[in-house]
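Survey of secondary and tertiary structure
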Amino acid sequence: MKEQIRHTGICPKCGQEYTGHPALSRTDSETLICPDCGKEIRVFGDSHIEEIADKFGYDLLGKIPMDYKLAALVDKGWIEMMENSYLEAAADAIERKCPVSQDEE
Ligand SMILES: [Zn+2]
């Protein structure tokens, strides 16, 4: 009978705890990461937000994934502590739409 080796660790890429066989990062081909790192799981099915925004003439600022770290920080009232690219992209999009003059900074 083949023995199953279980590995438990913290993924250095996403910071999530995982159990099972790690995957090898494509970035450096050396780092072991969680097996589902970066995998997009559409809990509510495919998004149609681009079509809806286009239909009503709105700009899509971005999409926020379900992120346990974000949820935990929001629950604590520490949203400012979240580091990610999707909120930064939304802030950049807003800044492009509503530029701040040098006098206001
Ligand atoms: Zn990961």
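Residues numbered from 1 in each chain as written. Predicted model: local features only at pLDDT ≥ 70, side-chain atom pairs only at ≥ 80, totals over all residues.

Across its full length, the protein chain holds three helices and four strands. The C-alpha atoms of the protein chain give 19 Å as radius of gyration, which overshoots the globular expectation for 105 residues (13 Å, by more than 25%). Considering the protein chain as a whole, with its 105 residues, one finds that 3% of them fall into the buried category. (Helix = DSSP H or I, 4+ residues; strand = E, 2+ residues; numbered from the N terminus. Rg over C-alpha atoms; globule rule 2.2 N^0.38 Å. Buried ≥ 20, exposed ≤ 12 C-beta atoms within 10 Å, placed from the backbone.)

Now for the environment of His7. For His7, the location among the structural elements is in the segment before β1 (8–10). Leaving out residues up to four positions away in the same chain, His7 has contacts with Gly20, His21 and Pro22. (Contact = placed C-beta atoms within 7 Å.)

Turning our attention to the confidence of the model for the protein chain. Within the protein chain, residue pLDDT values average 85, and 90% of them lie at 70 or more. Taken element by element, the predicted model of the protein chain shows its lowest mean pLDDT in helix α3 (residues 85–97) (83) and its highest in helix α1 (residues 49–56) (95). (pLDDT = per-residue confidence, 0-100.)

Looking at where Phe56 falls in the secondary structure, it is placed in helix α1. The sequence separation of Phe56 and His21 amounts to 35 residues, and the corresponding C-alpha distance is 45 Å.

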